[in-house]
Amino acid sequence: MGIWRSFATKLFILLVTFVAVPAILYTQFQSADEDKNLLLLKSVQEEGRLIARSLHPYLEAFQKESPQSVQEVIKRLGSDRTKIRLLFRPSGKSGTDTFFYVASYPIVPAALLDRERMELVEAGIFDQLRGTCEGDASLAYRYTNPTGKNEVLTSLTPVNMQSGCWVVITSQLAGDIFLSSLGQPYWKTPQIRIALVIYTAMAVIVIMMFLSIWRSLQRFQAVARNIRTRTGKESSFAEQNKIPELSNVALDFDRLVFTLRESEEAIRQTAEENAHALKAPLAVISQSIEGIRRSLPAGDVRGRRGVELIEHSVARLDSLVSAARRIDETLAELMNPKLEKTDISALVRDICAGYADSRKDRGIGITTAITSGILVNANEDMIETVLENLLENAISFSSSGGTIEVSLQTDSGDAVLTVEDEGPGVPEENRSRIFERYFSQRQARYEGSKPPESESYEESDVLEDTQAGGENRSNHLGVGLWVVRRNIEFMGGTAVAGGASGGGLRITARIPLAA
């Protein structure tokens, strides 16, 4: 259903409507115009017949009368609207070029009449008469007469007599049937052309209104992108808005951005204050436990195990406080980071070199395969956090003598960062969960023997003090990889986990290359 609410869909429907509606109306109007023209043709054809019928007695007596008498009759039958031409072909003659003018109304010079006769012959007007001079026709033939005026021949009526074939042609000036499509395509009529101009102007205005709103939304999107990524020229929504009706919307967006930035600072401050407030009593508890431990009798096994549980729980609480602060700071950073073109190759190379030097004492090697000159739109601090967390995670699962492989290549428009370790790996069903907050695949183990059966606790809530590399496991609470995915996704990429070739874990992060 979302596609029907899309602005682009509505614009498409509007365009289709502007095309379909006039097409449908044109078809209907054209059909009506054809019916109207049919009635008009019948009317003018009947007019031609009546004129021919009125001339009949004069044509029979033509040999006895002078041509002037026929001219006088035609003048009486004609009008300012209707023009009449009388042509004659003597008996025994054939062919369309044997007709000649006898009279006309209004009177036209003989030279012009002869030119007109030749034009009508070439146009095939007389071809509609049979050789016997029978039949009549409703014409709808537009042409320019010798005087330069546009005419519409409306009827051709033959009168067959012993003396020959008489033809009465009636016509009207095009201006007299201005609103008719007689003799021309319907779309050429003035009313259709005027309607087309008006309709086109309306369509252009409406579409321009839609496009104006679209452009404002695109400007809003650009402003939002610049504010979110802190790239390009950052400006307010109100400055970019050009539509008065969207002014209040733009102001609300600007207030929202201001509120988010205030929230970012508030989150940072609150995280710091909460961490300080919680760590102070935890430090007091840790110091007090040491005194309790010393005061316990040497044979009080149960008491010592209880103290050890308290110490582990305090250490875990301390780690949880640190993790919570780290999560809050990450969320605050994601609210308003600045993305810019970054040489990720140089950044990854420098960070890996620093980690390789710092981990020599633990016997953990870091090998790299880095393609130079890879550029991405990113934030250096976020990239550093991603790589540091990936390396810390890999180191925490690596034993002395192990190797961590870091690769940075390009593939299908992305920079592909891969960190692979030789640790125990992660079961396939948990590989997507390791990016969840507070999820850890590390095995918890209580240092020493289990507490007495009378004591109950959850092993998943108790972390061992040390692991293979001697690193404190209380620092690994399933936050690092959560931060990795959040940062990568914010930069428009993805992070996934898979199995390494040696049985360890491989984390692959993809970040779009800079344009």
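Before any of the text, the structure's been laid out above.
Here the structure is a predicted model, which is why all the values come from computation and not from measurement.

## So, the overall build of the protein chain
In terms of helices and strands, the protein chain carries 10 helices and 12 strands. In the protein chain, which comprises 515 residues, the share counted as buried stands at 38%. A sequence separation of at least 24 residues applies to 67% of the contacts in the protein chain between residues at least 6 apart. When the accessible area of the protein chain is evaluated, it comes to approximately 28,400 Å², of which 55% is carbon and sulfur surface.

## Quick word on the packing of helix 9 (residues 380-396) against helix 10 (residues 480-490)
Between helix 9 and helix 10, the least distance of the axes is 9 Å, while the angle of their chain directions is 145°. The handedness of the crossing between helix 9 and helix 10 comes out as left-handed. On helix 10, the residues touching Met382, Thr385, Val386, Asn389, Leu390 and Asn393 of helix 9 are Gly480, Leu481, Val483, Val484, Asn487, Ile488 and Phe490. Residue composition of the contact of helix 9 with helix 10, grouped by class: eight nonpolar, five polar and no charged.

## Focus: the sheet that holds strand 7 (residues 365-370)
Strand pairing within a sheet occurs via backbone hydrogen bonds; the two strands may be parallel or antiparallel. Pairing is mixed across the open sheet formed by five strands, whose spatial order is 7-9-10-12-11. On the outer flanks of this sheet lie strand 7 and strand 11 (494-499), each paired with one strand and no other. Across the sheet, the mean angle from the axis of one strand to that of its neighbour is 15°, orientation sign disregarded. In this fold helix 9 packs onto strand 9 (403-411), strand 10 (414-420) and strand 12 (505-512), with an angle of close to 25° to the strand it touches most, strand 10.

## Quick word on the pattern of salt bridges
This model, assessed by the stated rule, comprises eight salt bridges. Asp252 is the salt-bridge partner of Arg255, the closest N and O atoms lying 2.7 Å from each other. Of this pair, Arg255 and Asp252 are both found in helix 6 (residues 247-295), three residues apart, which corresponds to roughly one turn of the helix. Taking relative accessible area as the criterion, Asp252 reaches 44% and is therefore assigned partly exposed. The shortest N-O distance in the salt bridge between Arg433 and Glu436 comes to 3.6 Å. Among the residues examined, Glu436 registers a relative accessible area of 37% and is labelled partly exposed. Within the structure, one salt-bridge network assembled from shared partners comprises Asp411, Asp414 and Arg510.

## Describing the packing of aromatic side chains
The tally for this structure, following the rule as stated, stands at two aromatic pairs. With 5.8 Å between their ring centres and 85° between their planes, Phe88 and Phe100 make a pair best called edge-to-face. Of the two residues, Phe88 sits in strand 1 (residues 82-90) while Phe100 sits in strand 2 (residues 100-105), which places them 12 residues apart along the sequence. The exposure class of Phe88 is buried, given its relative accessible area of 10%. A relative accessible area of 37% places Phe100 in the partly exposed class. Between Phe88 and Trp166, the aromatic rings sit 4.4 Å apart at their centres with planes inclined by 40°, giving tilted as the arrangement. One end of the pair, Phe88, is in strand 1; the other, Trp166, is in strand 5 (residues 164-173), and 78 residues separate them in sequence. Across the pair, Trp166 and Phe88 agree in class, each one buried.

## Side note on the nonpolar core
In terms of nonpolar packing, the biggest core is built from 42 residues, with Val348, Ile404, Val406 and Ile434 touching the most fellow members. With eight residues, helix 9 is the single largest residue contributor to this core. Setting aside anything within four residues of it in sequence, one finds Ile434 in contact with Val426, Phe439, Leu481, Ala497, Leu505 and Ile507. In this structure, Phe62, Val70, Leu86 and Val159 belong to the second largest nonpolar core, which totals 17 residues.

## Examining helix 9
Helix length check: helix 9 (17 residues) gives 24 Å between terminal C-alpha atoms against 24 Å at 1.5 Å per residue, within 8%. Three or more residues of helix 9 are buried, namely Met382, Ile383, Val386, Leu387, Asn389, Leu390, Leu391, Asn393, Ala394, Ile395 and Ser396. Two or three places before Asp381, at the start of helix 9, stands the capping residue Asn379, its side-chain oxygen 3.0 Å from that residue's backbone nitrogen.

Here is what the cut-offs are and how they apply
- Residues numbered from 1 in each chain as written.
- Predicted model: local features only at pLDDT ≥ 70, side-chain atom pairs only at ≥ 80, totals over all residues.
- Heavy atoms only, no water.
- Helix = DSSP H or I, 4+ residues; strand = E, 2+ residues; numbered from the N terminus.
- Buried < 20%, exposed > 50% of the residue type's maximum accessible area, 1.4 Å probe, protein only.
- Contact = heavy atoms within 4.5 Å.
- Areas by Shrake-Rupley, 256 points an atom, 1.4 Å probe, with all protein chains shown as cover.
- Axes fitted to C-alpha atoms, helices over the stretch in contact; angles between N-to-C directions.
- Left-handed = near helix turned anticlockwise from the far one by under 90°.
- Nonpolar A, V, L, I, M, F, W, Y, C, P; charged D, E, K, R; others polar.
- Pairing = 2+ DSSP bridges.
- Salt bridge = Lys/Arg side-chain N within 4 Å of Asp/Glu carboxyl O.
- Phe/Tyr/Trp six-rings, centres within 6.5 Å; stacked < 30°, edge-to-face > 60°.
- Core = buried A, V, L, I, M, F, W, Y, C linked by side-chain atoms within 4.5 Å.
- Expected span 1.5 Å × (residues − 1).
- Polar contact = N/O pair within 3.5 Å; in protein donor to acceptor, adjacent residues only side chain to side chain.

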